[in-house]
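# Examination of the molecular architecture
Take a look at the letters that make up each chain.
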Amino acid sequence: MTVQINQQKMVDYLYEAERDVKEVIKLTDDYPQLTIQEAYRIQDALLARKLEENGTKQVGVKLGLTSKAKQQMMGVNEAIYGYLHSDMLALEWEAIEFSQLIHPKVEPEIAFFLGEDLAGEAVTEADVVKATKYVAPALEVIDSRYKDFRFTLADVIADNCSSAKFIVGSKWVSPHMLDLGQIGMVLSKNSAVEQTGSSAAVLGHPATAIVWAVKELAKVGKGFKKGDIILSGAMSEAISFQPGDTVVADFDVLGSVTLSCK
């Protein structure tokens, strides 16, 4: 028997899970026929509700599944995207409240700050670099609302790709001053190395991942605007953290960015 998709019910379900800081069973347990297109519509409606009820505003986009290894693990061959809101931005000098999260993990990324609009299906990597005013080291906190951090592709898209918080480091650099495809990174927790990675893990080059996102957004009549922040994708596996932990990502040339948790 096919169960009818009720978009508003799903939006309420995910909104309340995040608001009440509680994990829930994934949507596809009850709606196994949920498609990727329907999931993105749920994502849009969920974010519209947040904008309306929380007084926040959209500030950019985050990319997910930008490594071939993660795509193979999920059985897909392309990335996904979600949206960043102003209330997701955390500051390096202010500890994140663990009580506001369910089962968070953190991953290192490069943040792109756009100095001009970027849209259309003909965009290239060179266009991305040209449109970018600064790049900076970043940490993204992901926090799936689903039980045990387990989900299908449609589930995670509907849940805004597990978005929770992000932190941007204080050193901002022109993209013309470095090789964006060859930036090394070391991720440490409480001074112990947890992960190492490279920007090459992000579809070979972060600008390639952003080209993909621009073209996907163009299909639904959207694009990036001047001032947008783009988190281009994880450079290593995400790691979990607990109250009292300090996580630092050190990047070649770009410097470091720190997360602390209380």
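As a reminder, the structure under discussion sits directly above these lines.
Here the residue numbering is sequential within each chain, running from 1 through the sequence in written order. Confidence filtering applies because this is a predicted model: local features only for residues at pLDDT of at least 70, side-chain atom pairs given and counted only at 80 or more, and all residues used for totals across whole chains, interfaces and linings. Side-chain measures here rest on the full set of heavy atoms in the structure, leaving out hydrogens and waters.

### What to know about the nonpolar core
To keep things clear, this is the line we draw: Throughout, nonpolar core names a set of buried Ala, Val, Leu, Ile, Met, Phe, Trp, Tyr and Cys residues whose side chains join them through atoms within 4.5 Å. Throughout this description, buried means an accessible area under 20% of the type-specific maximum (1.4 Å probe, protein chains only), exposed means over 50%, and partly exposed covers the range between. Helix and strand assignments come from DSSP, with helices taken as H or I runs of at least 4 residues and strands as E runs of at least 2, each series counted from the N terminus. Whether two residues are in contact is decided by their heavy atoms: any pair within 4.5 Å suffices.
In this structure, Leu118, Ile210, Phe224, Phe241, Phe251 and Leu259 are the most contacted members of the largest nonpolar core, which totals 73 residues. Considering each element in turn, this core owes the most residues, eight residues, to helix H6 (residues 206-219). When residues no more than four places from it in sequence are discounted, the contact partners of Ile210 are Leu63, Phe112, Leu118, Val128, Phe224, Ile230 and Ser232. With 11 residues, the next largest nonpolar core counts Val59, Val168, Ile229 and Leu231 among its residues.

### Quick notes on the side chain of Thr132
For clarity, the threshold we go by: Identification of polar contacts relies on pairs of N or O atoms within 3.5 Å, with a donor-acceptor requirement for protein atoms, meaning one able to donate a hydrogen and the other able to accept it, and with residues adjacent in sequence counted only if both atoms are side-chain atoms.
Position of Thr132 relative to the elements: it lies in strand E5 (residues 132-142). Engagement of the side chain of Thr132 in a polar contact is seen with the backbone oxygen of Val128, the distance being 2.7 Å. Discounting chain neighbours no more than four positions away, the residues touching Thr132 are Phe112, Phe113, Leu114, Gly115 and Pro175.

### Points about the sheet that holds strand E12 (residues 255-260)
Filter applied, for reference: Here, strands pair whenever DSSP counts at least two bridges between them. Where helices are involved, their axes are fitted lines through C-alpha atoms of the stretch in contact, as for all axes, and angles between N-to-C directions lie from 0 to 180°.
Judged by pairing direction, the sheet is antiparallel, and its four strands sit side by side in the order E8-E7-E11-E12 without closing on themselves. With one partner strand each, in any of the chains shown, strand E8 (192-198) and E12 form the two edges of the open sheet. Strand-to-strand twist in this sheet, taken as the mean axis angle between neighbours without regard to direction, amounts to 15°. Note that strand E11 (residues 246-251) and E12 share six bridges and pair antiparallel. Bridge pairing in E12 links Phe251 to Gly255.

### Points about the pattern of salt bridges
Stated formally: Counted as salt bridges are all cases of a side-chain nitrogen of Lys or Arg within 4 Å of a carboxyl oxygen of Asp or Glu.
Scanning the entire structure with this criterion turns up 12 salt bridges. Here Lys62 and Glu140 are joined by a salt bridge, their closest N and O atoms 2.6 Å apart. Of this pair, Lys62 sits in strand E1 (residues 58-64) while Glu140 sits in strand E5; the two residues are 78 residues apart in sequence, bridging distant segments of the chain. Across the pair, exposure class does not vary: Lys62 and Glu140 are buried alike. Here the salt bridges do not stand alone but share partners, grouping Asp12, Arg49 and Glu53 into one network.

### Section: the environment of Tyr81
Along the chain, Tyr81 turns up in strand E2 (residues 80-85). Residues Tyr81 and Asp29 lie 52 residues apart in sequence; the distance between their C-alpha atoms is 22 Å. Tyr81 has contacts with Tyr40, Gln43, Val61, Lys62, Leu63, Cys161, Trp212, Glu216, Leu217 and Val220, leaving out every residue within four places of it along the chain.

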